[in-house]
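Report on the structure
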Amino acid sequence: MSVITKITAGCAGLLMAFSTAVKGGDAINIPTHNWSSQLVGAEIVGRLFEKVGAEVNYVPVDSSAVYQSMCENDIDIVHEVWQGAFGPAFEKVVDEGCVIDLVTHDAKTREEWWYPIHVEKHCPGLPDWEALRDCSAKFARADSNGKGVYLAGSASWVKHYPEMVDALGLNFVLKNVEGAAHWAELDAAVKQDKPIVLFNWTPNFIEALYEGKFVEFPTHDPKCFEDESWGVNPEAKYDCGNPKDGYLKIGVSHHFKDEHPRAYEVAEKINFTNLDIAQQSNYVDTDGMEVSEAAERWLAENEERWQSWIN
Ligand code: TMO
């Protein structure tokens, strides 16, 4: 359990109160969100900007609302745009012209319903999503009216799962359990050999601790989110899973280049790999380091790379 208690150690953004950053101004406003790789990476990015003479503020912001904040010039950069959770919100503000799609990291990401491996014995047929139709009752709880419970994590993450549940005819309700309590549910279910299906992503620290699999929903296609007639349910959008090799991007406010030209040049070169994101998560969630210690460790271990980003 020590792992679990450490998870939120650095999670200043849990309640995600939108604190008032200085609009525009001299300092670069970097948002902090409620998962560890983001918190550590934010500090790495901030240190790199400081190395080229910029001033930096860290601002706790809801990870979905942040895209609108970039349009309003409250926030300057999001360095971890995960396609599964934030693709639709990000692509909207990019289309509107107020956010620039600056970098696609080498890291490939996946965010989806996930279960620890023992659940296969409770629900044969997994990881195929159709197995969840037959075993939904096994995932029921006292307060779910016989429906299965899907633990969706933070309400600020993937937004379209209610629509997906409807579109795929899944007899499930979504329950948002935030922060460390989300992973404590996983830990308890593993110890008690109970059925559980919950939100997870990769790269993440979980894969080093628990064996498990993502549920295989119908393969993602951009049309799935736009066209009712596409997919297994001809009357609904969202009848598919999230991308399996989703992007991880950096987006910046359209003012960023003019206001912070040197930092902009650095941001253009930043490129995190799967290993980088996994390390940024593991240093905090598995090794129990503070966020700034973890950022320092990453910087110490990757000096050659970031030197080439800032020069
Ligand atoms: C945005 N997240 C990495 C929590 O899926």
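Provided above is the structure to which this section pertains.
These notes cover the structure that comes with them. (Residues numbered from 1 in each chain as written. Predicted model: local features only at pLDDT ≥ 70, side-chain atom pairs only at ≥ 80, totals over all residues. Heavy atoms only, no water.)

1. Some details on the environment of Gly125
- On the secondary structure map, Gly125 appears in the loop between α5 (119–122) and α6 (130–135).
- The class of Gly125 is partly exposed, set by a relative accessible area of 47%.
- On a C-alpha basis, the gap between Gly125 and Lys175 in space is 24 Å, while along the polypeptide they are 50 residues apart. (Helix = DSSP H or I, 4+ residues; strand = E, 2+ residues; numbered from the N terminus. Buried < 20%, exposed > 50% of the residue type's maximum accessible area, 1.4 Å probe, protein only.)

2. A look at the state of the cysteines
- Taken as a whole and judged by the stated rule, the model has three disulfides.
- Here Cys71 is linked by a disulfide to Cys98, with a sulfur-sulfur distance of 2.0 Å. Residues Cys71 and Cys98 are joined through a disulfide that is right-handed, its torsion about the S-S bond being 50°. Taken together, the positions of Cys71 in helix α3 (residues 66–71) and Cys98 in the loop between α4 (83–96) and β4 (99–104) put the pair 27 residues apart, joining distant regions of the chain. As far as the burial class goes, Cys71 and Cys98 line up, both buried.
- The connectivity of the disulfides in the protein is 1-2, 3-4, 5-6, where the numbers refer to bonded cysteines in sequence order. (Disulfide = S-S within 2.5 Å.)

3. Considerations on the site of the ligand
- Inspection of the region around the ligand gives Trp35, Trp82, Ala85, Phe86, Glu111, Trp157, Phe199 and Trp201 as its neighbouring residues.
- Take Glu111: an N or O atom from its side chain is 2.5 Å from an oxygen atom of the ligand.
- Out of a free accessible area of 210 Å², the ligand has 100% covered by protein chains.
- Going through the elements one at a time, α4 and β8 (198–202) are the ones with two or more residues in the shell around the ligand.
- Residue composition of the shell around the ligand, grouped by class: seven nonpolar, no polar and one charged. (Near = heavy atom within 4 Å. Polar contact = N/O pair within 3.5 Å; in protein donor to acceptor, adjacent residues only side chain to side chain. Areas by Shrake-Rupley, 256 points an atom, 1.4 Å probe, with all protein chains shown as cover. Nonpolar A, V, L, I, M, F, W, Y, C, P; charged D, E, K, R; others polar.)

4. What about the pattern of salt bridges?
- One pass over the structure, following the stated rule, counts 15 salt bridges.
- Among the salt bridges present, the one from Glu216 reaches Lys244, with a minimum N-O distance of 3.1 Å. With Glu216 in the loop between β9 (212–214) and β10 (248–253) and Lys244 in the loop between β9 and β10, this pair connects stretches of sequence that are 28 residues apart.
- Each of Glu43, Arg47 and Glu296 takes part in a single network of salt bridges with overlapping partners. (Salt bridge = Lys/Arg side-chain N within 4 Å of Asp/Glu carboxyl O.)

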